[in-house]
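Structure at a glance
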Amino acid sequence: MASPQGLQAPQEFGGPLGAAALMLLLPATTLHLLLAVRSGPARLLGPPAHLPGLSELWSPRVLLLLLTWLGLQAALYLLPARKVAEGLELKDKSRLRYPINGFQALMLTVLLVGLGVSGGLPLGALAEMLLPLASVATLTTFIFSVLLYMKAQVTPTSGLAPRGNSGNLLYDFFMGRELNPRIGSFDFKYFFELRPGLIGWVLINLALLLREAELRGSPSLAMWLVNGFQLLYVGDALWYEEAVLTTMDITHEGFGFMLAFGDLVWVPFTYSLQAHFLLYHPQPLGLPRALLICLINAAGYYIFRGANSQKNTFRKNPSDPSVAGLETIPTATGKRLLVSGWWGMVRHPNYLGDLIMALAWSLPCGTSHLLPYFYFLYFIVLLVHREARDELHCLQKYGRAWHAYCQRVPYRIVPYIY
Ligand SMILES: NC(=O)C1=CN([C@@H]2O[C@H](COP(=O)(O)OP(=O)(O)OC[C@H]3O[C@@H](n4cnc5c(N)ncnc54)[C@H](OP(=O)(O)O)[C@@H]3O)[C@@H](O)[C@H]2O)C=CC1
Ligand SMILES: CC(C)=CCC[C@@H](C)[C@H]1CC=C2C3=C(CC[C@@]21C)[C@@]1(C)CC[C@H](O)C(C)(C)[C@@H]1CC3
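Residues numbered from 1 in each chain as written. Chains lettered and ligands numbered in written order. Predicted model: local features only at pLDDT ≥ 70, side-chain atom pairs only at ≥ 80, totals over all residues. Heavy atoms only, no water.

**Section: the UniProt feature "transmembrane region" (unreviewed entry) in the protein**
The condition that has to hold: UniProt positions are given in the numbering used here, feature names are shortened, and annotations may be inferred rather than shown by experiment. A helix here means a DSSP run of H or I that spans at least four residues, while a strand means a run of E at least two residues long, and both kinds are numbered starting from the N terminus.
Per the UniProt entry, the sites bearing "transmembrane region" (unreviewed entry) are residues 17–37, 58–78, 98–117, 129–150, 255–273, 285–304 and 355–384 in this numbering. Annotated as 95% helix and 0% strand, the span residues 129–150 places its first and last C-alpha atoms 32 Å apart. End C-alpha atoms of residues 285–304 are separated by 26 Å, and the span's content is 90% helix alongside 0% strand.

**Section: the site of ligand 1**
Quick note on the threshold: Residues are classed as near a molecule or strand on a simple rule: at least one heavy atom within 4 Å of it. Counted as a polar contact is a pair of N or O atoms within 3.5 Å, where, for protein atoms, one must be capable of donating a hydrogen and the other of accepting one, and residues adjacent in sequence contribute only when both atoms are in side chains. All accessibility values rest on the Shrake-Rupley procedure with a 1.4 Å probe; residue burial counts only the protein chains present in the view.
With respect to spatial proximity, 26 residues lie near ligand 1, and among them Tyr271, Tyr351, Asp354, Lys397 and Tyr398 are the closest. Between ligand 1 and the protein, one listed contact pairs a nitrogen atom with a backbone N or O atom of Leu338 at 2.9 Å. At 2.5 Å from an oxygen atom of ligand 1 is found a side-chain nitrogen or oxygen belonging to Asp354. Contact with the protein chains removes 88% of the 930 Å² of surface that ligand 1 exposes when unbound. Every element with two or more residues in the shell around ligand 1 is listed here: α14 (287–316), β6 (336–338), α16 (349–362), α17 (374–398) and α18 (400–408).

**Let's talk about the side chain of Glu193**
For the record, the criterion: The buried label applies to any residue whose accessible area, calculated with a 1.4 Å probe on protein chains only, is under 20% of its type's maximum; exposed applies above 50%, and partly exposed to all values in between. Positive: Lys, Arg. Negative: Asp, Glu. His and the chain ends are not part of the count. Whenever Lys or Arg places a side-chain nitrogen within 4 Å of a carboxyl oxygen from Asp or Glu, that contact is recorded as a salt bridge. Throughout, a contact is declared for two residues whenever any of their heavy atoms are within 4.5 Å.
Positionally, Glu193 belongs in helix α8 (residues 188–194). Here Glu193 sits buried without a salt bridge, and the closest side chain of opposite charge, Arg386, lies 5.8 Å off (N-O distance). Apart from the residues lying within four places of it in its own chain, the contact partners of Glu193 are Leu198, Val244, Asp249, Leu259 and Asp263.

**As for the nonpolar core**
Just so we agree on the cut-off: In these notes, a set of buried Ala, Val, Leu, Ile, Met, Phe, Trp, Tyr and Cys residues joined through side-chain atoms within 4.5 Å is what counts as a nonpolar core.
In terms of nonpolar packing, the biggest core is built from 106 residues, with Tyr190, Phe192, Trp201, Leu208, Phe255, Phe269 and Leu371 touching the most fellow members. In contact with Phe255, other than residues within four places in its own chain, are Phe144, Leu148, Met175, Gly176, Arg177, Glu178, Pro181, Phe188, Lys189, Phe192, Ala260 and Asp263. Ile329, Leu337, Ala401 and Trp402 belong to the second largest nonpolar core, which has 16 residues in total.

**Focus: the environment of Ala332**
Within the fold, Ala332 resides in the loop between β5 (328–330) and β6. With 29 residues separating them along the chain, Ala332 and Ile303 place their C-alpha atoms 29 Å apart.

**Some remarks on the domain arrangement of the protein**
To be explicit about the condition: For the domain bounds, the source is a domain assignment made automatically or taken from a database. For any pair of parts, buried area is found by adding up, for both, the accessible area (1.4 Å probe) each one loses once the two are put together. Lys, Arg, Asp and Glu make up the charged group, whereas Ala, Val, Leu, Ile, Met, Phe, Trp, Tyr, Cys and Pro make up the nonpolar group; the residues left over, Gly among them, are polar.
Assigned domains within the protein: domain 1 (27–40 + 55–87 + 97–282) and domain 2 (286–417). Contacts between the two partners involve 32 residues from domain 1, matched on the other side by 31 residues from domain 2. Note on domain 1 versus domain 2: buried area summed over both sides is about 2800 Å², and carbon and sulfur give 66% of it. Among the residues domain 1 hides against domain 2, the three largest losses belong to Phe229, Tyr233 and Met248. Together they make up 23% of the total. Summed over the shared surface of domain 1 and domain 2, the result is 3 salt bridges. Across the pair Arg386 and Asp249 runs a salt bridge, and its minimum N-O distance is 2.6 Å. Across the contact surface, domain 1 and domain 2 share 7 residue pairs in polar contact (both at pLDDT 80 or more). Contributing elements (two or more residues each) for the side of domain 1 that touches domain 2: α2 (15–37), α10 (221–239), α11 (248–251), α12 (257–270) and α13 (273–280). Among the elements that line the side of domain 1 that touches domain 2, the one with the most residues is α10, at 9 residues. A per-class count over the side of domain 1 that touches domain 2 returns 20 nonpolar, 7 polar and 5 charged.

**Quick look at the layout of surface pockets**
To be explicit about the condition: Only protein atoms enter the calculation, which uses a 1 Å grid: trapped sets of points that fit a 1.4 Å probe without letting it out are cavities, open sets showing protein on both sides within 12 Å along at least five of seven lines are pockets, and any residue with an atom within 4 Å of a point is a lining residue. Grid points are joined across faces, edges and corners, and a volume is the space filled by probe spheres set on the points.
By volume, the second largest pocket is sized at about 650 Å³. As for the second largest pocket, its lining consists of 25 residues, and the residues nearest its centre are Leu65, Trp69, Leu123, Leu126 and Leu203. Looking at the lining of the second largest pocket, the elements that each hand over two or more residues are α4 (60–78), α5 (102–118), α6 (130–152), α9 (196–216) and α12. Sort the elements by how many residues they give to the lining of the second largest pocket and α4 lands first, with 7 residues. When grouped by side-chain class, the residues that make up the lining of the second largest pocket number 21 nonpolar, 3 polar and 1 charged.

**Overview of a nonpolar patch on the surface**
Quick reminder of the rule: Residues forming no salt bridge and having over 30% relative accessible area are the ones grouped into patches, like charges within 9 Å of each other and nonpolar side chains (Val, Leu, Ile, Met, Phe, Trp, Tyr) within 5 Å.
Taken together, the side chains of Leu45, Leu370, Leu377, Ile380, Val384, Tyr416, Ile417 and Tyr418 define a hydrophobic patch exposed on the protein surface, amounting to about 820 Å² of accessible area. When you line up the elements, Leu370 lands in the loop between α16 and α17. Under the relative-accessibility criterion, Leu370 is labelled partly exposed at 46%.

**Some remarks on the packing of aromatic side chains**
Counted only if it meets this: Two aromatic rings, drawn from Phe, Tyr or Trp (for Trp, its six-membered ring), form a pair once their centres lie within 6.5 Å of each other, and the interplanar angle then sorts them: stacked below 30 degrees, edge-to-face above 60, tilted otherwise. For a ring to carry a charge above it, either NZ of a lysine or CZ of an arginine must fall within 6 Å of the ring centroid while also lying within 35 degrees of the normal to the ring plane.
Throughout the structure, instances matching the rule amount to 37 aromatic pairs. Between Phe103 and Trp239, the aromatic rings sit 4.9 Å apart at their centres with planes inclined by 85°, giving edge-to-face as the arrangement. Highlighted residues: Phe103 in helix α5 and Trp239 in helix α10, separated in sequence by 136 residues. Sitting over the ring of Tyr98, Arg182 keeps its end group 5.0 Å from the ring centre. Over the face of the ring belonging to Tyr240 we find Arg305, whose NZ or CZ atom lies 3.8 Å from the ring centre.

**Let's talk about the site of ligand 2**
The environment of ligand 2 is made up of 15 residues, and the closest members are Glu193, Ala237, Asp249, Asp263 and Arg386. When isolated, ligand 2 has an accessible area of 630 Å², and the protein chains bury 86% of it. Every element with two or more residues in the shell around ligand 2 is listed here: α8, α10, α12 and α17. Among the elements that make up the shell around ligand 2, the one with the highest residue count is α12 (5 residues). Here the residues of the shell around ligand 2 are counted per class, giving 10 nonpolar, 1 polar and 4 charged. Of the residues that make up the shell around ligand 2, three or more belong to each of domain 1 (27–40 + 55–87 + 97–282) and domain 2 (286–417).

**Things to note about the packing of α16 against α17**
For clarity, the cut-off: Angles shown run from 0 to 180 degrees and are taken between the N-to-C directions of axes, each axis being a line fitted to C-alpha atoms and, for helices, limited to the stretch in contact. Here roughly perpendicular refers to angles of 65 to 115 degrees, roughly parallel to angles under 35, roughly antiparallel to angles over 145, and oblique to all remaining angles.
Running from N to C, α16 and α17 point in directions that differ by 170°, and their axes come no closer than 9 Å. The orientation of α16 relative to α17 falls into the category roughly antiparallel. Across from Tyr351, Asp354, Leu355, Ala358, Leu359, Trp361 and Ser362 in α16, the residues of α17 making contact are Tyr375, Phe376, Phe379, Ile380, Leu383, Arg386 and Glu387. Its residues placed into classes, the contact of α16 with α17 shows 10 nonpolar, 1 polar and 3 charged.

Structure (structure tokens):
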């Protein structure tokens, strides 16, 4: 069932062929990275040292562990929230409501895991289970995406995503057909975007840190830095949880294989690659270099948070004293665009800050290997592509006003370079 609007929408990611290729390439890349990181040469490119057998990829115990984790996070999501926020207006003029209790879920998870570890839970053992966990999570994602696709069959047209309803099964399965799949008030896209994968990433990092302590007596300085930086990033995402309601993923993307895999597999298992690398390839790190890396991360965070908060405050309340003095240009939609402050420096200052942090997360791993820089390299590709997609949306939405903004602020992400 294709929506007429969906048929007209230009296809992204190379259409059905590109989607099919990505559905093979993304799980294969995850598998390759997890095999390479624990091998001696730790090569980013080139064949893996060995091909795993089925027993290394699958175990019912691991499936049970994953389902328990998903169940725990779902239960924490359903706990009473300090606030219930409204999303942006939908096509049918309604607004969905979302619980704001992500930070609470993180804290409760840390508390539960802390109690478990002090009671003898061998969390460090998780470090040895990442390969089967990732493959079981991939299988779960495929099954879950089929269910999402089927659920969209009975969704009214107004609830479908603008892009994922071309009529091509492979493409729509990848892009996601339904914009906000829900059962009752349980919103699957919002839940998966911020909970099991993001909090799971922190837990995997912690397991790698504990395993390093078991093997070498104490965690290395490099391991502490990577854990600290990434905990800050996840803590920030959950503290400012409400801001995710205005991101492209929530407002535009359907919930299909791409986001489900990104949330449940890609984020926890590839974003933890630096800590994973440090467990198998310890790196010396002196205090002066560590301080310099902390400064780089702090600079990135300052730009990332400053830019995201400035835009969110402006979108929520343009007369808020912190943004009321900024220069803006009007658009035909009635919304204004910021042309001074962070958004007057480049057109995506938040991406710049995010990229600087990505570099700071890899630097503790030294310069002997390319593998721990995978996240930084992938992130450049993701954000350049994302910027181009957002640019197209904004051009369609704001027309001449967007052209005027581009003339005022000619650089996209990096001042004077790009
Ligand atoms: N770690 C990771 O893997 C990833 C992290 N991210 C991060 O997520 C965050 C959100 O990113 P994303 O969802 O891509 O988009 P943004 O938060 O950058 O939002 C883009 C939107 O902002 C609005 N906007 C653009 N320019 C202006 C302006 N000058 N003044 C006012 N509003 C403007 C437009 O929407 P409108 O006008 O309709 O409000 C535009 O569509 C970023 O910090 C990014 O780095 C993103 C992807 C992956
Ligand atoms: C290669 C592949 C499978 C692509 C899917 C992309 C996803 C991994 C990312 C799309 C947008 C994301 C966001 C975050 C994590 C990665 C994904 C899901 C995010 C939750 C990270 C923390 C940030 O503070 C954020 C909340 C702004 C961010 C939102 C977008």
